[in-house]
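Reading the structure
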Amino acid sequence: MDLIEHQEIGIIQALKPLTPSSFQRGLAILVARDPDLAGVVDRYGPPPMWRRKPCFATLVHIILEQQVSLASALAVHNRLAAIVAPFSATRFRQIDRARIKDAGLTRQKLAYCYHLADAIAEKQLSLNRLPHLSNADARAALVKVKGIGPWTADIYLLMALRRPDIWPRGDLALKAALRTVKQLPAVPSAETFDALGDAWRPWRAVAARILWHFYLSARNSRVLNAF
C-alpha cells in the first residue's frame with residue numbers, strides 16, 4: 001500500500017461516519033479510479049447517500065428486508081410503526097404479540113424482532129455503544145442476537161452508522177449489479193465479490209451505493225441479467 005493510500009485511510013477514519021462532504025470525496029476518488037463505476041455515474045448520475053437513523057426501528061426494518069423485496073418490507077414496517085408508538089424496544093415488548101403479528105410478520109421474523117427487543121431491553125446489546133466500536137466489534141455485537149446475521153449487521157453499519165468501508169457480502173442486489181457492471185460471466189462468488197471490493201477500499205460503502213443506484217435505475221430497463 002502506497003503513501004497516498006495510507007493518507008486516504010487516515011482521512012476516512014477521521015471522517016467517520018460518512019458525511020455529505022466525505023461521501024462526495026469518496027465518490028470522486030472511485031470515479032477517477034474505476035472506469036466502470038464512472039460509467040454508472042455518467043449514465044445515471046451520482047447515487048444518493050442513503051442513510052437511516054441508528055435505532056431499534058431501523059434494525060427491525062433491516063430484519064424485515066431479509067430475503068424479501070424492499071417494498072414488501074417497507075409495507076410491513078409501516079404497519080408495525082402504526083402499532084408500536086413510540087417505536088422502541090420497550091414499547092415493542094409491551095404490545096400484544098397477536099397485534100404485532102397482524103402487521104404481516106412471518107413467525108420467524110416475529111421471533112427475530114422479539115429477540116432483538118429483549119437483547120436491547122435487557123442491556124445485552126447497546127445501540128448507543130455501537131458508534132464507538134470498530135467495524136469488527138460492532139458487527140460481532142450485533143450478530144450475537146439471534147436473527148441478526150452478517151448481512152443485517154453490515155447493512156446497519158453501512159446505512160445507520162454510515163461506516164465508509166462496509167462491503168455486504170450477502171447482498172444479492174450488489175452481486176447482480178457487479179455481474180453487469182463488471183461484465184462477469186456469472187453472479188460473482190464470495191471470493192470474487194471480496195476481490196472486486198478490495199480495489200475500492202477504503203470507500204467500499206460508497207461503491208456499494210453506486211452499484212445499488214445502478215441496480216435500481218437499470219432494473220426496469222432490462223439492463224440487468226437475470227440472477
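Before reading on, note that the structure itself is shown above.
Heads up: these notes are all about the structure in this document.

Cut-off values and rules
- Within every chain, residues take consecutive numbers counted from 1 along the sequence as written.
- For this predicted model, a pLDDT threshold of at least 70 governs which residues receive local features, and a threshold of 80 or more governs which side-chain atom pairs are given and counted, while totals over whole chains, interfaces and linings are taken from all residues.
- For the side-chain quantities, the full set of heavy atoms in the structure was used; hydrogens and water were omitted.
- A run of H or I in DSSP becomes a helix once it reaches four residues, and a run of E becomes a strand once it reaches two; helices and strands are each numbered from the N terminus.
- Every helix has an expected span of 1.5 Å times one less than the residues it contains.
- Only protein chains enter the area calculation, which uses a 1.4 Å probe; residues under 20% of their type maximum are buried, those over 50% are exposed, and those in between are partly exposed.
- Each C-beta atom gives one direction from the helix axis, and the arc is the one those directions make.
- For this analysis, residues touch if any pair of their heavy atoms sits within 4.5 Å.
- Whenever Lys or Arg places a side-chain nitrogen within 4 Å of a carboxyl oxygen from Asp or Glu, that contact is recorded as a salt bridge.

**Some details on helix α5 (residues 70–83)**
A rise of 1.5 Å per residue sets the reference length of α5, with its 14 residues, at 20 Å; its end C-alpha atoms lie 20 Å apart and thus fit the reference within 8%. By the burial criterion, the buried members of α5 are Ala-73, Val-76, His-77, Leu-80 and Ile-83. Down the axis, α5 shows its buried residues gathered within 110° of arc, on one side only. Away from the buried face of α5 by more than 90 degrees, exposed residues Leu-70, Ala-71 and Ala-82 are located.

**As for helix α9 (residues 135–143)**
Looking at α9, one finds that the buried residues are Asn-135, Ala-138, Ala-141 and Leu-142. For α9, the angular spread of the buried residues around the axis is 135°, confining them to a single face. Against the buried residues of α9 lie α4 (56–64) and α10 (150–160).

**With respect to the pattern of salt bridges**
According to the stated counting rule, one finds ten salt bridges in the structure shown. Here Arg-93 ties to Asp-118 by a salt bridge, and the two come within 2.8 Å at their closest N and O atoms. Highlighted residues: Arg-93 in helix α6 (residues 89–94) and Asp-118 in helix α8 (residues 107–121), separated in sequence by 25 residues. Classification of Arg-93 as partly exposed rests on a relative accessible area of 38%. Close ionic contact of Asp-154 with Arg-139 constitutes a salt bridge, the shortest N to O distance being 2.6 Å. Of this pair, Asp-154 sits in helix α10 while Arg-139 sits in helix α9; the two residues are 15 residues apart in sequence, bridging distant segments of the chain. The exposure class assigned to Asp-154 is buried, which follows from its relative accessible area of 7%. Put simply, Asp-165, Asp-198, Arg-201 and Arg-204 are held in one network by salt bridges that share partners.

None of this, on its own, says anything about what the molecule does.
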